[in-house]
Amino acid sequence: MKDEQHMTEQESLQVISTMIAKAKQSYHETGYGPLLWGIVISFCSLVTWGQMHYGFSLPFDIWFLAFIAVIPTIIMSVREQRKKKVHSYDDTAMSYTWTVFGVSMFILIFINMQVGELVNHLKSAVENLGAERPKVYFSDYNSAYMMMLYGIPTVISAGIKKFRPMLFGGIFCWVGAITALYTSREIDMLLMAASAIFAWLIPGIVLFRKYIRKKRQQHV
């Protein structure tokens, strides 16, 4: 009976150890989400800067790519949740954080376009009344509150994962948001690109390399 009890305790410890190992694996971030947003936002920002600086135009709004990026963000989040057998509070918080961010980006860009068109109509109406067309542009302030939004999921993720590169990146986004109030739109686009690179692209590369390294060690 003692031997049977001893074996049962060993089996129980083995089960607990296996569950802990699985839980630790679930904590590991692949880096796909930050990489995706880092590439998309920095690319859109640099293309917009190029349009302003060099005077070329595209047949579509480059920021529609941010709309499209919302779809893989949600798909990746759902897939990761389905693959994990053990779900920690950290995993749930991270999933909700980036899903909410993706949806918020979608809504924010849609609002920007609608309000931008409304402001243009109002400026045209003022001009038609014989007054000078106002030189204030709604788009001058877009980048400021977009960078403010960028910093929110970044800092939250840094706190959950205790990942300093993202913390510094999130703070950079907030500093960029304040700076954008006093700079030209061209500089704003460069600030947005830099924010995306420091907040997501570089941390995403670091996380992805750690993920690949850990995956290789598990197969050895």
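The structure under discussion appears in the preceding block.
Residues numbered from 1 in each chain as written. Predicted model: local features only at pLDDT ≥ 70, side-chain atom pairs only at ≥ 80, totals over all residues. Heavy atoms only, no water.

S.K.: Sorry, what's going on with the nonpolar core here?
M.R.: One recurring pattern in soluble globular proteins is that nonpolar side chains are buried together. One finds Trp37, Trp63, Met105, Tyr150 and Trp200 to be the most contacted residues of the largest nonpolar core, which totals 36 residues. For this core, the secondary-structure elements that each account for two or more residues are helix 2 (32-54), helix 3 (64-83), helix 4 (89-128), helix 5 (142-161), helix 6 (164-179) and helix 7 (185-219). Setting aside residues up to four positions removed in sequence, tryptophan 37 forms contacts with Ser42, Ala66, Ala69, Val70, Thr73, Trp98, Phe101, Gly102, Met105 and Trp200. (Core = buried A, V, L, I, M, F, W, Y, C linked by side-chain atoms within 4.5 Å. Buried < 20%, exposed > 50% of the residue type's maximum accessible area, 1.4 Å probe, protein only. Helix = DSSP H or I, 4+ residues; strand = E, 2+ residues; numbered from the N terminus. Contact = heavy atoms within 4.5 Å.)

S.K.: Honestly, the packing of aromatic side chains in this entry has me stumped. Any pointers?
M.R.: Given two aromatic rings, one states the distance between the centres and the angle between the planes to describe the pair. Inspection of every chain in the model, using the stated rule, returns six aromatic pairs. For the pair tryptophan 49 and tyrosine 54, a centre-to-centre distance of 5.8 Å together with 90 degrees between the ring planes defines the contact as edge-to-face. Residue classification places tyrosine 54 among the exposed residues on the basis of a relative accessible area of 60%. Arranged with centres 5.0 Å apart and planes meeting at 45 degrees, the rings of phenylalanine 172 and phenylalanine 198 form a pair that is tilted. Taken together, the residues phenylalanine 172 in helix 6 and phenylalanine 198 in helix 7 connect sequence positions 26 residues apart. For phenylalanine 172, a relative accessible area of 29% corresponds to the partly exposed category. (Phe/Tyr/Trp six-rings, centres within 6.5 Å; stacked < 30°, edge-to-face > 60°.)

S.K.: Where do I start with the packing of helix 5 against helix 6 in this structure?
M.R.: Contact geometry of helix 5 with helix 6 gives a least axis separation of 8 Å together with a crossing angle of 160 degrees. Here helix 6 runs roughly antiparallel to helix 5, going by the angle between their axes. Seen along the crossing, helix 5 lies across helix 6 with a hand that is left-handed. Only Met166, Leu167, Gly169, Gly170, Ile171, Cys173, Trp174, Gly176 and Ala177 of helix 6 make contact with helix 5, whose side of the interface consists of Ala144, Met147, Met148, Tyr150, Gly151, Ile152, Thr154, Val155, Ser157 and Ala158. Of the residues belonging to the contact of helix 5 with helix 6, the class tally is 13 nonpolar, six polar and no charged. (Axes fitted to C-alpha atoms, helices over the stretch in contact; angles between N-to-C directions. Parallel < 35°, antiparallel > 145°, perpendicular 65-115°, else oblique. Left-handed = near helix turned anticlockwise from the far one by under 90°. Nonpolar A, V, L, I, M, F, W, Y, C, P; charged D, E, K, R; others polar.)

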